[in-house]
Amino acid sequence: MERPIRVAHVMGHMIGGGVESTVMNYYRHIDRSRVQFDFVVDADSTTVPREEIRDLGGRVFVVPPYKRLPSYMTSCEKLFREQKPDIVHSNINALSVFPLRAARRAGVPLRIAHSHSTANPREHKKTFLKNALRPLSRVEPTHLAACSDHAARWLFGDAAVDAGRVDIIRNAIDLDEFSFSPEVRVAKRAEIGVHDDQLVVGQVGRMCFQKNQTFTLEVFAQLLRTRPDAVLVFVGDGELMDGVRSRSRDLGVGESVRFLGIRDDVAQLYQAFDVLMFPSTYEGFGMAAVEAQSSGLPVVVSDQVPTEACVVRELVHSLPLTNSQAWVESLMRVEPSRKRDFRSDELAVAGYRIDDAAVALCDWYQSILHDGNGGAR
């Protein structure tokens, strides 16, 4: 029996975000007799599912944080020389140039750069670094991938996308996991401490500038003037957690806000919500928006969210961040309900069923391995 293809996934600073969820979703569902993952993570990572990875047959390799670039490069090159993966698949966007350069020096023949995100000019330091590295995005990889057309064009450019040189790998999910259940809704709302007729606004994502929780708070403060019993639930953690908590107190809405932190029952929490806020300042895709739609949950997204994430059009309302009143009015039209349609068929047709997507990913790995180096793309 042939051994499985060994793919080293470069994850960077693992903190329980959407990219990590996507890679782990694929890992749980791929045929691991065909393809096996290893994970290369930065030493300052806080959320690494080591036990699950080990149980699935994978390994976790720790390297210095990329901010210590010389040590990072040396460690990556040494690791790739020793382990000899068939493919290095880097998931750290514009920063992929560094581990993929180390992989090339170590003689790894197949190197994938995967774009998961974009940028916003207001995030000055990060955007400066991203823009400086973007011209190098096609230098080290042999293959290019992205979670959406938008993310592909941002990192690799229109010419590469239009020429068909970027493979789109959907941020697929286990659609059955998000099937709506009235019983789960009742139980989770009781856990949160809300009644049937209270409006529950949810937001799922890392506490950071990109996910824009302070905007949600400002909209929610306006909503409370007409819906005083509404509740806002934040799921996630991050560098801005303290600031968001402080802002909720400053706005006088702290008693109506629940901070749940990082949870492993997000699929069930969607069922407790009546609407999902998704006001990202920039977005490569928008995984939480797709998860919510699978559960039949209405979603209000910023116009920075790619159209690929807006599958069930009647559930998604896209608005500019410059008009907070429009967001308030959109939330005011939502009414709590124990009934909700499961929209898995539409999402499956759009390519978001993880079982199908995992087979396609295995096929892709096998095809590029069969084709060999294929030349720099």
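Residues numbered from 1 in each chain as written. Predicted model: local features only at pLDDT ≥ 70, side-chain atom pairs only at ≥ 80, totals over all residues. Heavy atoms only, no water.

Draft legend 1. Focus on the sheet that holds strand S10 (residues 257-259). The sheet built from six strands is open, its strands ordered S10-S9-S8-S11-S12-S13 with parallel pairing. The open sheet is flanked by S10 and strand S13 (316-319), the only strands paired with a single partner. Across this sheet, the average inter-strand angle for adjacent strands is 20°, counted without regard to direction. Summarising the sheet, strand S8 (residues 200-204) and strand S9 (residues 231-235) pair through five bridges and their orientation is parallel. The residue of S9 that forms the bridge with Val204 is Val235. Across the face of the sheet, helix H13 (residues 324-332) comes into contact with S8, strand S11 (275-278), strand S12 (299-302) and S13 while running at roughly 165° to S12. (Pairing = 2+ DSSP bridges. Helix = DSSP H or I, 4+ residues; strand = E, 2+ residues; numbered from the N terminus. Axes fitted to C-alpha atoms, helices over the stretch in contact; angles between N-to-C directions. Contact = heavy atoms within 4.5 Å.)

Draft legend 2. The packing of helix H9 (residues 213-223) against helix H10 (residues 241-250), seen in detail. One way to put it is that H9 packs onto H10 with a least axis distance of 10 Å and a crossing angle of 15°. Classified by the angle between their axes, H9 and H10 sit roughly parallel to one another. Between H9 and H10 the crossing geometry is right-handed. Listed contacts from H10 to Gln213, Thr214, Leu217 and Glu218 of H9 are Val244, Arg247 and Ser248. Grouping the constituent residues of the contact of H9 with H10 by class yields two nonpolar, three polar and two charged. (Parallel < 35°, antiparallel > 145°, perpendicular 65-115°, else oblique. Left-handed = near helix turned anticlockwise from the far one by under 90°. Nonpolar A, V, L, I, M, F, W, Y, C, P; charged D, E, K, R; others polar.)

Draft legend 3. Up close: the pairing of S12. Neither face of S12 is open: one carries Val299 and Val301, the other Val300 and Ser302, and all of them are buried. In terms of strand pairing, S11 meets S12 through three bridges, oriented parallel. Within S12, the position partnered with Leu276 by the bridge is Val299. With respect to chirality, the unit in which S11 leads through helix H12 (residues 287-294) into the neighbouring parallel S12 is right-handed. Of the pairings in the sheet, the one linking S12 to S13 comprises four bridges and is parallel in character. (Buried < 20%, exposed > 50% of the residue type's maximum accessible area, 1.4 Å probe, protein only. Right-handed = clockwise from strand over helix to strand, strands pointing away.)

Draft legend 4. Quick peek at the pattern of salt bridges. Summed over the entire model, instances satisfying the criterion amount to 25 salt bridges. The closest approach of N and O atoms between Asp363 and Arg34, which form a salt bridge, is 2.6 Å. Of the two residues, Asp363 sits in helix H15 (residues 354-371) while Arg34 sits in the loop between helix H1 (18-29) and strand S2 (35-42), which places them 329 residues apart along the sequence. We classify Asp363 as partly exposed; its relative accessible area is 40%. (Salt bridge = Lys/Arg side-chain N within 4 Å of Asp/Glu carboxyl O.)

Draft legend 5. Local environment of helix H4 (residues 97-105). For H4, the complete set of buried residues consists of Val97, Phe98, Pro99, Leu100, Ala102 and Ala103. Following H4 by one or two positions, Gly107 adopts a phi angle in the positive range, close to 90°.

Draft legend 6. The arrangement of the packing of aromatic side chains in detail. Counted under the stated rule, the structure contains 10 aromatic pairs. Ring geometry for Phe37 versus Tyr365: centroids 6.4 Å apart, planes at 85°, classification edge-to-face. You can see Phe37 sitting in strand S2 and its partner Tyr365 sitting in helix H15, a full 328 residues away along the chain. Taking 5.5 Å as the distance between ring centres and 35° as the angle between the ring planes, the aromatic pair formed by Phe234 and Phe259 counts as tilted. Here Phe234, found in strand S9, pairs with Phe259, found in strand S10; they are 25 residues apart in sequence, far enough to count as distant. Here the two residues Phe234 and Phe259 agree in accessibility, since each one is buried. Connected via pairs of aromatic rings, a cluster forms that spans Tyr27, Phe37, Phe39, Trp364 and Tyr365. Over the aromatic face of Phe259 sits the side chain of Arg245, whose NZ or CZ is 4.5 Å from the ring centroid. (Phe/Tyr/Trp six-rings, centres within 6.5 Å; stacked < 30°, edge-to-face > 60°. Lys NZ or Arg CZ within 6 Å of the ring centre and 35° of its normal.)

Purely geometric stuff here, so don't read any function into it on its own.
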